[in-house]
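# Structural characterization, general
What follows is the residue order along each chain.
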Amino acid sequence: MRVWRIDASKSNKDLLLRSEGAPYGSMPEFDGNRLEKCGNDIPLERRRKLRNDLYTYDPAALIVSDKAHSVLAGCIEESAQCIKLDLDGQVAWLVNVTTVIDCLTSESDIVADSDRGFTWIRYVRQYELDETLVSGASLFKIKGIETKGCFCTDLIVSRVIEAGLKGFYFSLVFDSSAPRGLIKFERIVPIGDFYIESGKRGKACLPRENPEAFGQELVPLRKPTASAAERIEPSGPSAEGPEPAPYDGPALDDDIRAVREEALASLPGLPAAAGELSGGPCGALGSRVCGSPAMLPGEEWPEGPGGEPLCFLAQLDMADLPPLPGFPEKGLLRLFVGEGPEFGLDPSDMAAQAGFRALWAPDPEGAALRAAPEEAEDGLGWGDGPWAMRFAGPFESRPDDVDFRVEGAFAKLWNAAHPGLPVGRMHDDADRYASDPGLTWNLSSREGASAGGPPAVQVGGYPVFCQDDWRNWEERYRPYDTLLFQLSCDWDRWIAIGDGGRMCFLIPSEKLAAGDFSDIMYWWDCG
């Protein structure tokens, strides 16, 4: 027996909202009880025409298309209350799941909170279910987490697949035939190693990617992500020879601060352009985030590794920039990335233009706006773009202290002054000699907070990373020394890059000077 959690797929941009002006408490709580309200009493509205068959509103409430309701009605009518909705002329159905099963066993890995004598489940890392209680159920909620999601067995999944319904994401939470501990979840993210995403080309995540094999034993449907220790080979003195002996001398906090300041001061300031975003229509030329790109006749829309069209991220019109060393005076750079939540990032090769692409047009004459193919017309789902980029005059960019050049300068200065206390980099290595094992990271955090963060868009200068500079860990990325384009998360515009993240595109300075945009490193991280 298998049990799945039901969510909207990550590429599903069909979002429903509480109607404007409706009181905050006007929406019911979907806690497994029947609702007394009818469809007209539930204040929901859509942002645009709905294209999928499952809509995003609340993980505890399934809101589906009229087609999905007709496909699933026969197997959910005993488990749920179905309420017909009119979403600005588009029919939908609220499936309020009312079957609640107390099936989590004591062998489940549960993270709980408690306050004033009350205890509740925050999330489940590993589901172990009582099969005898779940047997015969097709759609249900789990007692203790009624407001956190809806669950189903194979019957629902197979109906969705057979009917070709779009926008569903099924995460496998329990398989009675699987070894215990195989199926796990990290924190509250409802994505495990076994999943099915319906109706998306390039996303056929059935067992062995064969729909006819649905009843067979599951195998991992994505390659497990290597840990940082497996994926990288640290360079520098700290990686050579045996682990350093524990340090039991006096704390060297003042020395660490002084060498850090000297390392930062040893690097020159670099000119950079700060871009601010503003809404409104954009013509073919000009710099923008989201919207539609300007494409030359004959240019093909970039595709990802599975043949799926990539999403348009940004267009950089070099004529909009102030003079920056190495940057051309004219030309259009168009950047495309994959859908969220990964945005096409491949940590195993961040310079392989597979999940992202850069298109360069040195002469943009004849370029015209082009709409995305149907499969990518929702774009990245960020707010109501496009947003034009307006650049001010150049400013002096200073390096972040996790920049590989600062780390290298620190190691050189420190090792010269303290030959018996070697470091390969400042962060972590130098903390061995501090009173606080997180001293260097704390210095970075305080300084970053006081500086107020980078601009919304930055071109040229030093990149600003949310966590660490990957070039510290892999030497093959160190030639990418020039920031080509950096975009920061903007919650006011719903530009959502993970949890407050930032995208960086880097290029070797000699490639930039030669007008060669075929070799670019792409990285994003978040806090």
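Model, not experiment: these values are computed from the prediction. (Residues numbered from 1 in each chain as written. Predicted model: local features only at pLDDT ≥ 70, side-chain atom pairs only at ≥ 80, totals over all residues. Heavy atoms only, no water.)

## Focus on the overall build of the protein
Worth spelling out the cut-off: In this description a helix means any DSSP run of H or I spanning at least four residues, a strand means any run of E spanning at least two, and both kinds are numbered starting from the N terminus. For every residue, the accessible area (1.4 Å probe, protein chains only) is compared with the maximum for its type, and the residue is labelled buried under 20%, exposed over 50%, or partly exposed between those bounds. To be clear on the numbers: accessible area is Shrake-Rupley with a 1.4 Å probe, and residue cover counts the displayed protein chains and nothing else.
Looking only at helices and strands, one finds eight helices and 27 strands in the protein. The buried share of the protein, taken over its 527 residues, is 50%. When the accessible area of the protein is evaluated, it comes to approximately 24700 Å², of which 50% is carbon and sulfur surface.

## What about the packing of helix α1 (residues 66-76) against helix α3 (residues 154-163)?
Note the threshold: Axes here refer to lines fitted to C-alpha atoms; in helices the fit is confined to the stretch in contact. Angles between the N-to-C directions go from 0 to 180 degrees. Geometric relationships in this document are graded by angle, where less than 35 degrees denotes roughly parallel, more than 145 denotes roughly antiparallel, 65 to 115 denotes roughly perpendicular, and other angles denote oblique. Crossing handedness is defined as follows: a turn of the near helix away from the far one that is anticlockwise and smaller than a right angle gives a left-handed crossing, while the clockwise case is right-handed. For this analysis, residues touch if any pair of their heavy atoms sits within 4.5 Å. Amino acid classes used here: Ala, Val, Leu, Ile, Met, Phe, Trp, Tyr, Cys and Pro are nonpolar; Asp, Glu, Lys and Arg are charged; the rest, including Gly, are polar.
The contact between α1 and α3 brings their axes to 10 Å, and the two run at 150 degrees. In terms of orientation, α1 lies roughly antiparallel with respect to α3. The handedness of the crossing between α1 and α3 is right-handed. For the pair α1 and α3, the contacting residues are Lys 67, Val 71, Leu 72, Cys 75 and Ile 76 in the first and Leu 155, Ile 156, Arg 159, Val 160 and Ala 163 in the second. Partitioning the contact of α1 with α3 into residue classes produces eight nonpolar, no polar and two charged.

## Digging into the sheet that holds strand β6 (residues 80-87)
The condition that has to hold: By definition, two strands form a pair when at least two bridges between them are found by DSSP.
Across the sheet, four strands lie side by side as β4-β5-β7-β6; this open sheet has antiparallel pairing. Of all strands in the sheet, those bounded by a partner on one side alone are β4 (54-58) and β6. Pairwise comparison of adjacent strand axes, ignoring direction, gives a mean angle of 25 degrees for this sheet. As paired strands, β4 and strand β5 (residues 61-65) are joined by three bridges and run antiparallel to one another. Directly across from Asp 58, in β5, lies its bridge partner Ala 61. Packed on one face of the sheet, α1 meets β5, β6 and β7 (90-97) and runs near 125 degrees to β5.

## Quick word on the pairing of β6
Both β6 and β7 contribute to a ladder of eight bridges, which runs antiparallel. Looking at β7, one finds that Leu 85 is bridged to Ala 92. Counted between consecutive antiparallel strands, the loop separating β6 from β7 contains two residues, among which Asp 88 sits at a positive phi close to 50 degrees.

## Considering the packing of aromatic side chains
Rules: In this analysis, rings of Phe, Tyr and Trp, with Trp reduced to its six-membered ring, are considered paired at centre separations within 6.5 Å, and the interplanar angle assigns stacked below 30 degrees, edge-to-face beyond 60, and tilted for intermediate values.
Inspection of the entire model under this criterion finds 17 aromatic pairs. Where Phe 343 meets Trp 382, the ring centres are 5.9 Å apart and the plane angle is 65 degrees; that geometry is what we call edge-to-face. Taken as a pair, Phe 343 in the loop between β19 (332-337) and β20 (356-361) and Trp 382 in the loop between β21 (368-369) and β22 (387-391) lie far apart in primary sequence, 39 residues in all. By the burial criterion, Phe 343 is buried, and Trp 382 matches it.

## A short note on the confidence of the model for the protein
Should pLDDT be low for a region, the predicted coordinates there are not to be read in detail. Defined as follows: pLDDT is defined as a per-residue confidence score from the predictor, taking values between 0 and 100.
Summarising the model, the protein shows a mean pLDDT of 84, and 86% of its residues fall at 70 or more. Counted against residues more than four places away or in other chains, residues 199-241, with its pLDDT under 50, gives 76 contacts.

## Topic: the environment of Asp 436
Going by this rule: Polar contacts here mean pairs of N or O atoms no more than 3.5 Å apart (in protein, one a potential hydrogen donor and the other a potential acceptor; neighbouring residues in sequence count only if both atoms are side-chain atoms).
For Asp 436, the position within the fold is in the loop between α6 (404-417) and α7 (439-451). On the accessibility criterion, Asp 436 (30% relative accessible area) is partly exposed. Taking the C-alpha atoms as reference points, Asp 436 and Asp 253, 183 residues apart in sequence, are found 8.3 Å from one another. In this structure Asp 436 touches Asp 431 and Asn 442, once residues within four positions along its chain are discounted. At 2.9 Å, the side chain of Asp 436 and the backbone nitrogen of Gly 438 are in polar contact.

## Describing the pairing of strand β18 (residues 311-317)
For β18, the buried fraction is high: seven of the seven residues fall into the buried class. Pairing analysis gives two bridges linking strand β16 (residues 288-289) to β18, with the strands arranged antiparallel. Looking at β18, one finds that Arg 288 is bridged to Gln 315. Sheet topology note: the β18/β19 ladder contains six bridges and is antiparallel. Within β19, the position partnered with Leu 316 by the bridge is Leu 333.

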